[in-house]
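Summary of structural features
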Amino acid sequence: MSLEALWFVLIAVLWVGFFFLEGFDFGVGILQFFLGKNERERGTYIYSIGPHWDGNEVWLLTAGGAIFAAFPFWYATLFSALYLPFVILLLALIVRGVCFEIRHRANFPKVRFVCDIALALGSFLPALLAGVAMANLVIGIPIENGNFTGTFFDLVTPYALFGGALGFFLFLTNGALFLTLKIEGELQERAYRFSKIAVVITVILFAIATVWLWRYSIICVLSLVLILAAMLLVLRNYLKTAFVLVALCTACSVAALFYAMFPNVLVSSISPDQNLTIWNCASSAYTLKLMSIVAAIFVPVILAYQIWSYYVFRKRISPRNANIEE
Amino acid sequence: MDDLVFLSRLQFAITTVYHFLFVPLTIGLGLFVAIWETMAYKSGNSEDERIARFWGRLFLLNFAAGVVTGIVQEFQFGMNWSEYSRFVGDVFGVPLAIEALLAFFVESTFLGLWIFGRTLLPKGVHLACIWLVFAASCISAFWILVANSFMQNPVGYVFNNGRAEMTDFLAVISNPYFLHQFPHVISASICTAAFFILGISAWKIRRCSQDSALFERTFKAALFMGLIGVAAVLFSGHLQGQSVAKLQPMKLAAMENLKETANPAPLSILPGIEMPAMLSVMVHNVPRGEVKGMEDLQKAFEYRYGPGNYTPPVWISYISFRVMVGCSLVMLFFIFYGMFWFIYLKRNMHKKILLLMVMGISLPYLANTAGWLIAETGRQPWIVYGLMPTDKAVSVGVSSGSVIFSMAAFSVIYIILAVIIFLLMRREVYRGYVEKRITRKNNAIAV
């Protein structure tokens, strides 16, 4: 495998990490507002991702940084082409990140309520935008000579919005299942009831997507099978296995999208000669080799300590023990 | 087109200066908290632990603001400076990606473990977490300054395929500009934390709060920290000035508003006040030696790169340099004054003058901002010194309207963020070392 292809795969892996980890993270961020009946319950839900959300978000930053280092032309075109969506994404992530910190320090119920709304909104927007962006990447956006020639509304097609909805419900399912594994008591019951609804909607959306995307990539059939299996397990209350299957389904979907693009990294809807490919976007062989060595050493280390941190916080949470000792 | 360049530069200036308000305190206060946690770990003393926790709470507030404003930095090169990203990505993207892999993951994961794991982790492991967070923040500074140094003094690359391609990674990370800039930034971070701690401790001592004794301890520690920090910042700044004289003579000339080449060159203190031959002393360590002026340098640039204006906006560099050095000297005075008060006046007199120390918190912030203004505007009209002009670097596909929208949106969010962080910090300071928070009935998850 060439270095360019290797980095294409590695970047796909980073996006898998982002979609899986931030997936339940965003999902919980949205669900806390609808499942938690009072401030204390919402706080309990938020507490379940408290130690992890920041580490999950770094997957996005690293995916951005890795694209910059390995495919500078891709980085430059992608982020300038999707300028306004990324501004909205960044604003949402700023608001969201601050709210985690403010929420447990503010003693005023009103401030906490505002934080909870902001957290839900700051999780909802990225969840939606991620799907919209991914859908656009596969179908192509108007780029000519590496510059975006369209407008914001060229990005908001029905197809893209469908992608957004699909991502959104996948995130919700993921978040609800995460909560069923992390919380105990009545709050866990509520999350479980919701996960049943979410997973069914996700399966329907996946079925439509599979029909739609059939010609692009056969892997999406596998995603459909996985999410179907996950649905059956959720309905029979095998939640751990279902959570793993949803994770695999996320990985498969991202893989399907990247497989459909390969060897393009950004498809031009104007003309195929304008496509950015891994060949005309890549860094020099020296840089790719250097980055490969760095990644080979540090990615396993990162995985090890992130998994360890989930192990440390494995204990189930209830409103009783959800507090930070400072 | 010109509008777009101006707007993109203004947005970058706003977001970056704002981000750097939080970064130095994260590094410096991180070190302080880590040291005090270590003392608490060794002594098992509850006072030490209360001190570590109090400053830890302020550290976390500041850290959160630094993290969220840092996300913007990772993406705005591609968003607003796509031509730049294409041209230097092969070199510049590498330190950014390494920063994410080596620093951001460690920071975020171990900070989570430190905050939430106090009762879950063995004490030694919990202590290691905060040290890892501090180390990661230094590593983060290391890589981002490597990236910035490439813009200031490009090394380790060849011009190939119409872009800069890396040929020598070791040369990139041992860039002489970087070797001087890194210690300067780290010592500035120590100063920032020292004055932050001094100011807050002074305010608490002055209010005669019940914990005055503990705040006197942190006051004393911060004096020591500040003495080291200010000495290091002045010394490393002097070395960096000499390195700038070699690598970017135009920047130095603009800092001094030196129009004509002079030997020996005078040092301008304020407009109209000069110290003869002092600039030669600063640059060459002896009262003789030539320092190039802007007119000669402009001619040399024109000869090499063709007609154009190669002189940076002088007034920004000139004023910023005086603000930076002035603040550092006032900081040195504050440190001596604080020591005098602490040792000689036996802590009991002149408590009103402690108010000065509270105002002193602003000094390192002014100096840090001024320092970056010198570094970044003094490099103009280049985005990569001698390689790529700034006006050729913007994203041409992005409209001015989009940039105005994003700049307005970021500014509004940042102002709100500043107010919130300030109010929450003030709350924590009022609360002081008291452990249990007074909670309103039924509304809070007890913290």
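1. Some words on the overall build of chain A
Of regular secondary structure, chain A possesses 12 helices and 4 strands. On C-alpha atoms alone, chain A measures out to a radius of gyration of 20 Å, which is about the 20 Å that the 2.2 N^0.38 rule sets for 326 residues. If you line up chain A on its principal axes, its C-alpha atoms span 60 × 40 × 40 Å. The proportion of buried residues among the 326 residues of chain A is 64%. Of the contacts formed within chain A by residues at least 6 apart in sequence, a portion of 78% connects residues at least 24 apart. In the form shown here, chain A has an accessible surface area of approximately 12,000 Å², with 73% of it arising from carbon and sulfur atoms.

2. A closer look at the domain arrangement of chain B
All names here are of chain B. For chain B, the domain assignment lists domain 1 (2–248 + 313–430) and domain 2 (249–312). Between the C-alpha centres of domain 1 and domain 2 the distance comes to 29 Å. Facing the 26 residues of domain 1 at the interface are 23 residues of domain 2. Both faces combined, the contact of domain 1 with domain 2 buries some 1,900 Å², and carbon together with sulfur accounts for 62% of it. Summed over the three residues of domain 1 that lose the most area to domain 2, namely Val314, Tyr318 and Arg322, the buried surface amounts to 27% of that side. The interface formed by domain 1 and domain 2 includes 1 salt bridge. Arg322 is the salt-bridge partner of Glu256, the closest N and O atoms lying 3.3 Å from each other. If you look at where domain 1 meets domain 2, you find 16 residue pairs in polar contact (both at pLDDT 80 or more). Elements with a minimum of two residues in the side of domain 1 that touches domain 2: helix H7 (212–247), helix H11 (314–344) and helix H13 (362–377). Among the elements that take part in the side of domain 1 that touches domain 2, H7 stands out by supplying 7 residues, more than any other. For the side of domain 1 that touches domain 2, the class distribution of residues is 13 nonpolar, 10 polar and 3 charged.

3. Some words on a nonpolar patch on the surface
Where nonpolar side chains cluster on the molecular surface, the patch consists of Met1, Leu6, Val9 and Val13 of chain A and spans about 380 Å² of accessible area. Among the secondary structure elements, Val9 of chain A is positioned in helix H1 (residues 3–35).

4. Details of the pairing of strand E3 (residues 267–270) of chain B
Residues and elements named next belong to chain B. Examined bridge by bridge, E3 and strand E4 (residues 273–275) share 3 bridges and lie antiparallel to one another. The partner of Leu267 across the bridge, within E4, is Met275. Turn length for the E3-E4 hairpin, with the two strands adjacent in sequence and antiparallel, is 2 residues, and the turn residue Gly272 shows positive phi of about 95°.

5. Some points on the nonpolar core
By size, the foremost hydrophobic cluster in this structure holds 277 residues, and its most contacted members are Trp15 of chain A together with Leu29, Trp55 and Tyr84 of chain B. Here this core gets 22 residues from one element, more than from any other, and that element is helix H3 (residues 82–116) of chain B. Two domains each donate at least three residues to this core, and these are domain 1 (2–248 + 313–430) and domain 2 (249–312) of chain B. Apart from residues lying up to four places away in sequence, Tyr84 of chain B is in contact with Phe77, Gly89, Phe92, Met151, Ile383, Val384, Met388 and Ala393 of chain B.

6. Focus: H1 of chain A
With 33 residues, H1 of chain A should reach 48 Å at 1.5 Å per residue; the first-to-last C-alpha distance of 46 Å fits that figure. Most of H1 of chain A is tucked away: 24 of the 33 residues are buried.

7. Notes on the packing of helix H6 (residues 176–206) of chain B against H13 of chain B
Residue and element names in this part refer to chain B. H13 packs onto H6 with a crossing angle of 160° between their chain directions and a minimal axis gap of 9 Å. It follows from the interaxial angle that H6 and H13 lie roughly antiparallel. By crossing handedness, the relation of H6 to H13 is classed as left-handed. When H6 is examined against H13, the residues Tyr177, Gln181, Val185, Ala188, Cys191, Thr192, Phe195 and Phe196 are found in contact with a partner set consisting of Pro364, Tyr365, Asn368, Trp372 and Ala375. Residues belonging to the contact of H6 with H13 are distributed by class as follows: 10 nonpolar, 3 polar and no charged.

8. With respect to the side chain of Gln73 of chain B
Residues and elements named next belong to chain B. Within the element layout of this structure, Gln73 appears in helix H2 (residues 46–80). Residue classification places Gln73 among the buried positions, given a relative accessible area of 12%. Of note is the side chain of Gln73, whose polar atom sits 3.3 Å from the side chain of Gln76.

9. Some details on H3 of chain B
Residue and element names in this part refer to chain B. Across its 35 residues, H3 extends only 40 Å between first and last C-alpha, which sits more than 12% below the 51 Å expected from 1.5 Å per residue. Along H3, the largest kink reaches about 90° and is centred on Gly89. H3 sits mainly inside the fold: 34 of its 35 residues count as buried.

10. As for the packing of aromatic side chains
Residue and element names in this part refer to chain A. A complete count under the given rule lists 67 aromatic pairs over all chains for this structure. Ring geometry for Phe24 against Tyr310: centres 6.3 Å apart, planes inclined by 85°, an arrangement best described as edge-to-face. Of this pair, Phe24 sits in helix H1 while Tyr310 is found in helix H12 (residues 285–312), placing the two residues 286 residues apart along the sequence. The class of Tyr310 is partly exposed, set by a relative accessible area of 23%. Seen in terms of ring centroids, Phe33 and Phe113 are 6.0 Å apart; in terms of plane orientation they differ by 45°. Their pairing is tilted.

11. Points about the packing of helix H9 (residues 219–235) of chain A against helix H10 (residues 239–261) of chain A
Residue and element names in this part refer to chain A. In contact at an axis separation of 8 Å, H9 and H10 are set at 165° when each is read in the N-to-C sense. When the axis of H9 is compared with that of H10, the two are roughly antiparallel. Seen along the crossing, H9 lies across H10 with a hand that is left-handed. On H10, the residues that touch Ile219, Cys220, Leu222, Ser223, Leu226, Ile227, Ala229, Ala230, Leu233 and Val234 of H9 are Leu239, Thr241, Ala242, Leu245, Val246, Leu248, Cys249, Cys252, Ser253, Ala255, Ala256 and Tyr259. Split into classes, the residues belonging to the contact of H9 with H10 amount to 19 nonpolar, 3 polar and no charged.

Criteria and cut-off values
Residues numbered from 1 in each chain as written. Chains lettered and ligands numbered in written order. Predicted model: local features only at pLDDT ≥ 70, side-chain atom pairs only at ≥ 80, totals over all residues. Heavy atoms only, no water. Helix = DSSP H or I, 4+ residues; strand = E, 2+ residues; numbered from the N terminus. Rg over C-alpha atoms; globule rule 2.2 N^0.38 Å. Buried < 20%, exposed > 50% of the residue type's maximum accessible area, 1.4 Å probe, protein only. Contact = heavy atoms within 4.5 Å. Areas by Shrake-Rupley, 256 points an atom, 1.4 Å probe, with all protein chains shown as cover. Domains from an automatic or database assignment. Buried area = accessible area lost by both parts, 1.4 Å probe. Salt bridge = Lys/Arg side-chain N within 4 Å of Asp/Glu carboxyl O. Polar contact = N/O pair within 3.5 Å; in protein donor to acceptor, adjacent residues only side chain to side chain. Nonpolar A, V, L, I, M, F, W, Y, C, P; charged D, E, K, R; others polar. Patch = residues over 30% accessible without salt bridge, like charges linked within 9 Å, V, L, I, M, F, W, Y side chains within 5 Å. Pairing = 2+ DSSP bridges. Core = buried A, V, L, I, M, F, W, Y, C linked by side-chain atoms within 4.5 Å. Expected span 1.5 Å × (residues − 1). Axes fitted to C-alpha atoms, helices over the stretch in contact; angles between N-to-C directions. Parallel < 35°, antiparallel > 145°, perpendicular 65-115°, else oblique. Left-handed = near helix turned anticlockwise from the far one by under 90°. Bend = angle between axes of the 7 residues up to and from the residue. Phe/Tyr/Trp six-rings, centres within 6.5 Å; stacked < 30°, edge-to-face > 60°.

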